Amino acid sequence: MKRRQPPITEAWRGLTFTRRALVIGGAQAAVGVALAARMAYISVVDNDRYVLESESNRVNLTLVPPRRGWIVDRHGKALANNRVSLRIDIIPDRLHDKDAVLARLRTLLRLDGDTMERIERDLKAASGFQPVAVKEDVSEADYASVLVRLPDLPGIAPARGFARNYPTGAAVGHLIGYVGAPNAEEYEKAKDPLYITPGFKIGKDGLEKYFEPMLKGKPGARRVEVTARGKIVRDLNTKPDVQGKTVHLTIDADLQEYAARRMGRESGAAIVIDCLSGDILAFIAMPSFDPNSFSDGISNSEYAWLRANDHQPLINKATRGLYPPGSTLKPMAALAAMQHGVDPGERHTCIGGYRLGSRFFRCLGTHGTIDMQTAIEKSCNSYFYWLGHRLGYDAIAPAARLLGLGEEYKLAGSNQRYGTIPDSAWKLRKYGREWSASDSLNAIIGQGYVLANPLQLAVMTARIASGQTLYPRLINRHFEHHALPFTAEQLEVARRGMWRVVNGAGTAGRSRLPFDDIQMAGKTGTAQVRGLSGGSGKGGDWKYRDHGLFIGFAPYDNPRYAMSVVIEHGMGGSRAAAPVAKDIFTFLFDRDKAMKALEEFEGGWGGTIKERMDRDYAAWKAGAASDPEPGVPR
Amino acid sequence: MIPVPPAVQRIPWKLIALLSAITGFGLLVLYSAAGGSLSPWAWQQGVRFVIFLIGALILGRLPLRLYEDFAYIGYIGVAILLVAVELLGFVGGGSQRWLNLGFLNLQPSELMKVAIVLALAHFYTQLPPGNTRTLTALWPALVMIGIPAALVMLQPDLGTALAICASGVVVMFLAGLPLWWFGSAALAGAASLPILFSFLHDYQQKRVLIFLDPESDPLGAGYHISQSKIAIGSGGIGGKGFLNGSQSHLDYLPEGHTDFIFATMAEEWGLIGGVALLFAFFLLLRWSTRVALHARTRFGQLTAAGLTMTIFFYLAINLMMVMGLAPVVGIPLPLFSYGGSSMLTIMTCVGIILAVESDSKTRSRRLY
């Protein structure tokens with residue numbers, strides 16, 4: 001259907017033009033108003049948001065990892081401190097020619113393939129100004145060589161930071177633990193940007209981990225104005241970091257180092273406790289790892305070397321090593337017996353063993369007719385078999401627990417395995433069988449089901465020496481100490497017996513202290529590894545030899561220090577453990593004399609701990625390089 | 001009162017003041033964008049403005065008849081130049097737009113914005129009124145718009161192609177063509193958008209997609225829009241102050257002296273500066289629209305209105321772009337952005353509108 005159109009004339013055309021031009025002009029004005037409104041919306045309503053975004057563009061905040069708090073010994077001597085560490089980082093946003101810069105760095109810093117791969121991986125994961133570590137702990141020379149080439153290396157940021165330092169190295173490995181860069185899970189958990197700042201380390205093990213909240217400190221920050229291309233225009237301000245708090249330990253650093261060195265090539269543990277307070281003065285588990293290596297990021301091959309070592313340097317034997325305590329429990333058993341009315345003067349005749357039904361339980365000698373003190377002195381099994389048979393172990397176990405055995409202590413940073421003090425109820429629960437008399441006989445000489453860690457043995461010794469319920473502590477933590485429910489006479493029998501072990505005709509007669517006025521009391525122990533009947537345990541394959549144990553305290557007349565020493569596969573307490581204890585006690589009273597003895601030993605062992613570890617590692621690496629299947633060292 | 005000589009009276013002082021104010025403001029922004037320096041932009045832009053202003057005044061003195069007579073020739077000449085760009089032009093900024101004449105990089109597509117208006121205005125002036133509703137009124141115009149638009153799209157320069165189409169369609173609209181043509185063309189255009197979209201270059205498609213969802217790629221192609229909005233938004237009402245814009249000075253804002261100069265300005269001068277600039281442009285467009293309405297001839301009417309649209313199109317698309325309302329198409333802000341080609345176009349427009357104005361002042365009104 002055709003609609004009738006008005007005739008088109010020049011006048012109509014002019015009118016149409018004016019009308020339509022006004023429409024166009026109006027539309028243009030409307031657009032202009034809309035634009036003004038839009039601008040007002042962005043700049044007024046959304047102003048806050050955009051100001052924030054503009055600031056976050058302009059200002060780049062770099063976290064400065066805080067210096068970690070020191071860990072010091074009882075005299076303020078550093079067990080863990082910080083040293084200056086030079087490092088090279090990459091700022092991903094400023095890295096424009098990645099391949100060229102990385103290639104330069106690779107030659108300058110002699111980076112290996114693994115490192116290059118890690119850097120590439122980190123760069124892919126990183127964003128913006130979050131630095132990526134290239135290398136930590138670069139030498140002054142390498143640092144300088146990067147510094148002078150900096151104009152050709154856009155995106156590279158050399159930095160002067162701090163690294164954890166353990167002056168005594170392996171001597172404190174198991175005590176202090178170590179630090180390391182946080183891993184992905186730790187970052188996920190903490191959600192702290194500090195965790196992905198290169199150079200920041202957190203405690204990974206031991207006291208470093210336990211005291212992390214104290215040691216960590218507060219990060220500093222550097223605010224800089226940067227261009228879009230990452231050029232720093234100017235520093236806006238810098239907030240210094242706040243160093244972490246110092247942790248004061250009860251440890252005596254010198255004693256700790258001495259005891260660690262005195263352990264020599266052996267595998268074992270040694271604990272020294274102050275009998276007045278329960279302070280742990282030395283806490284040794286050897287061999288150990290060098291926490292400095294862990295804190296710098298241990299290499300795969302060094303870790304493999306540590307793992308391959310059959311002396312198990314990665315295990316903290318002081319609290320995680322469980323051993324049959326052997327005869328070291330005899331003074332405790334004597335106390336328990338007296339508590340149950342056994343007269344210490346009552347005599348028993350040792351005929352080289354004890355007959356229980358059809359079985360004959362052997363003694364190491366034939367001691368004749370002896371009283372309690374002599375039984376301790378000679379470590380006569382027959383006497384204690386007799387006691388055990390007479391009283392039953394259910395009468396002994398409470399005293400053992402009273403002296404700290406089978407107990408997990410509240411101890412900073414330690415991860416304890418607390419062993420077993422068995423009794424009839426325990427056996428029924430665990431094995432569903434009745435307790436037998438032979439179980440009592442085995443248990444009373446510290447074999448069978450009985451297991452204890454070296455720390456517990458030291459605590460037991462300290463309690464016998466002091467007559468108090470001492471609790472071990474690494475920091476100044478308050479424990480209520482009570483007197484033990486033993487009479488002075490009863491305690492004196494046990495102590496006197498221990499005195500005679502060392503100073504009488506006992507098993508540790510060769511380990512008397514080299515002083516006229518200071519005497520040590522102690523008790524040796526030999527824990528059979530293969531079981532009572534099999535093998536001799538006195539030779540042959542290292543790992544089948546008997547453990548050597550020793551507990552002791554000194555001075556005898558006024559007990560001040562208590563100690564336990566465990567030497568794994570040391571073939572007997574008097575042979576392996578007592579001499580170590582003797583030298584450690586000597587150190588406590590006369591350092592020079594003790595040092596002289598140590599230096600002689602170390603000459604024979606092939607140098608200090610560090611020298612030996614370095615040599616072993618080098619030898620292992622050489623062996624591993626030629627050996628496609630790296631196995632056990634040596 | 002001192003009698004003002006007629007020669008001085010004939011000079012459009014108000015217009016010169018307005019143009020100088022806009023450009024002067026632009027020079028301040030360019031001075032700041034260069035980090036507080038006249039070089040490399042402000043000084044050159046100022047000199048250029050003075051030259052082009054004189055050129056515009058000269059164009060304004062030429063008789064309107066001349067433009068009418070040379071409209072087709074000019075159009076054909078520019079179209080040939082566009083072809084020459086295709087054949088000889090070298091690649092600049094990812095697309096072929098420039099023709100190196102030795103002393104000047106000529107961008108013929110800019111000239112086409114003016115030429116298309118003149119040619120169409122001439123066409124509709126000559127068209128007998130009775131043919132206004134016939135196809136005779138339509139197809140020649142479509143061909144005249146289509147050829148240069150297609151050539152410019154080939155470069156490829158979407159923004160300028162749109163500008164040519166917009167100015168051309170406005171002239172057609174003002175010429176009195178039936179409204180339903182425009183309505184159905186708009187509908188057909190909307191329906192064929194997806195097809196047209198597929199003809200765009202990858203980077204152009206990306207820009208459009210990013211425009212629809214700028215947050216999808218804040219560091220990539222959406223970076224321009226995000227940073228521009230941050231600059232405008234962080235300026236607030238009063239701005240950060242002269243020479244204090246961090247977005248532009250620290251290079252976060254790309255093209256802060258050319259296409260995104262409005263954002264540079266808004267960061268330092270805030271909403272107040274933006275509204276002042278919009279008002280100045282409003283005054284300019286009001287003047288040119290009035291010239292169109294009071295033009296003595298039909299050619300003058302259509303020319304002045306079409307050129308007004310050309311100026312407006314620059315302005316609107318650029319501002320929509322920097323405020324995140326349009327895709328990034330690379331259209332500068334008239335008189336404000338650093339660059340000779342766009343200023344040349346604008347000043348040519350102004351000159352021709354001046355010619356229309358003086359034509360209507362000096363002779364009696366004749367609309368046919």
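In this text the structure is predicted, and so the values were computed from the model without any measurement.

1. Examining the sheet that holds strand β1 (residues 59-64) of chain A
Either a parallel or an antiparallel arrangement is found when strands of a sheet pair, and the pairing is made through backbone hydrogen bonds. Residues and elements named next belong to chain A. Spatial strand order, β1-β8-β9: three strands in an open sheet with antiparallel pairing. Here the strands that pair on one side only, and so sit at the sheet edges, are β1 and β9 (232-239). The average undirected angle you get between the axes of adjacent strands in this sheet is 25°. Here six bridges tie strand β8 (residues 220-226) to β9, and the two strands are oriented antiparallel to one another. Opposite Val 226, over in β9, you have Ile 232 as the bridge partner.

2. Thoughts on the pairing of strand β14 (residues 353-356) of chain A
All names here are of chain A. As defined by bridge partners, β14 adjoins strand β15 (residues 359-362) across four bridges and the pair is classed as antiparallel. Paired with Arg 355 across the bridge in β15 is Phe 360. Here β14 hands over to β15 after two residues, with Gly 357 in that stretch at a positive phi of 60°.

3. A few points about the sheet that holds strand β11 (residues 268-274) of chain A
Residues and elements named next belong to chain A. With antiparallel pairing, five strands are arranged side by side in an open sheet as β12-β11-β19-β18-β17. In the strand order of this sheet, the two ends are held by β12 (280-286) and β17 (521-527), each with one partner. The average undirected angle you get between the axes of adjacent strands in this sheet is 5°. Relative to strand β18 (residues 547-554), β17 runs antiparallel, the two being bridged by seven bridges. By the bridge assignment, Ala 527 is partnered in β18 with His 547.

4. Digging into the UniProt feature "transmembrane region" (unreviewed entry) in chain A
Residues given the UniProt feature "transmembrane region" (unreviewed entry) here are residues 21-41 of chain A. From the first C-alpha to the last, residues 21-41 of chain A spans 30 Å; its make-up is 100% helix and 0% strand.

5. Some thoughts on the packing of helix α5 (residues 108-126) of chain B against helix α6 (residues 139-154) of chain B
Any two packed helices are characterised by how steeply their axes cross, that is the angle between the axes, and by the distance between the axes. Residues and elements named next belong to chain B. Contact pair α5 / α6: the axes reach a minimum separation of 10 Å and the direction vectors enclose 175°. Classified by the angle their axes make, α5 and α6 are roughly antiparallel. Taking contact as the criterion, the partners of Ser 109, Met 112, Ile 116, Ala 119, Leu 120 and Phe 123 in α5 are, on α6, Pro 140, Ala 141, Met 144, Ile 145, Pro 148 and Val 152. For the contact of α5 with α6, the class distribution of residues is eleven nonpolar, one polar and no charged.

6. Considering helix α17 (residues 393-402) of chain A
An α-helical turn contains 3.6 residues, so any two residues separated by three or four positions project in the same direction. Residue and element names in this part refer to chain A. For α17, the full list of buried residues reads Tyr 393, Ala 395, Ile 396, Ala 397, Ala 399 and Ala 400. Of the surrounding secondary structure, the elements contacted by the buried residues of α17 are α14 (330-339), α16 (381-391) and α19 (437-444). Once α17 ends, the next one or two residues include Gly 404, with phi positive near 100°.

7. Quick word on the confidence of the model for chain B
The share of residues in chain B with pLDDT of 70 or more is 90%, and the mean pLDDT across the chain is 86. Across the interfaces of the predicted complex, the ipTM metric reaches 0.91, alongside a pTM of 0.69.

8. As for the interface of chain B and chain A
Of the residues lining the interface, 43 residues belong to chain B; the matching set on chain A comes to 38 residues. Looking at the side of chain B that touches chain A, the element that brings in the most residues is helix α13 (residues 261-293) of chain B, giving eleven residues.

9. Section: the environment of Phe 486 of chain A
Residue and element names in this part refer to chain A. Structurally, Phe 486 is set in the loop between α20 (454-466) and α21 (488-503). Judged by the 21 C-beta atoms lying within 10 Å of it, Phe 486 is buried. Distance in space between the C-alpha atoms of Phe 486 and Ile 464 is 9.6 Å, their sequence separation being 22 residues. In this structure Phe 486 touches Leu 335, Gln 339, Gly 467 and Leu 491, once residues within four positions along its chain are discounted.

Calculation rules
Chains are numbered independently. Their residues run from 1 in the order of the written sequence. Working convention: letters from A go to chains and numbers from 1 go to ligands, in the order in which they are written. pLDDT decides what is reported in this predicted model: residues at 70 or higher carry local features, side-chain atom pairs at 80 or more are listed and counted, and totals for whole chains, interfaces and linings draw on all residues regardless. Being paired, for any two strands, means DSSP has found at least two bridges between them. Going along the chain from the N terminus, every DSSP run of H or I of four or more residues is numbered as a helix, and every run of E of two or more is numbered as a strand. Helix axes are fitted only over the stretch in contact, all axes being lines through C-alpha atoms; the angle between N-to-C directions runs from 0 to 180 degrees. UniProt positions are given in the numbering used here, feature names are shortened, and annotations may be inferred rather than shown by experiment. Any angle from 65 to 115 degrees is called roughly perpendicular, while one under 35 is roughly parallel, one over 145 is roughly antiparallel, and all others are oblique. Contacts here follow a simple rule: the backbone-placed C-beta atoms of the two residues must lie within 7 Å. Basically, the charged four are Asp, Glu, Lys and Arg, the nonpolar ten are Ala, Val, Leu, Ile, Met, Phe, Trp, Tyr, Cys and Pro, and anything else, Gly included, counts as polar. Each residue is classed by its C-beta neighbour count within 10 Å, where at least 20 other C-beta atoms makes it buried, 12 or fewer makes it exposed, and intermediate counts make it partly exposed; the C-beta atoms are placed from backbone geometry. The quantity called pLDDT is the predictor's confidence in a given residue, expressed from 0 to 100.

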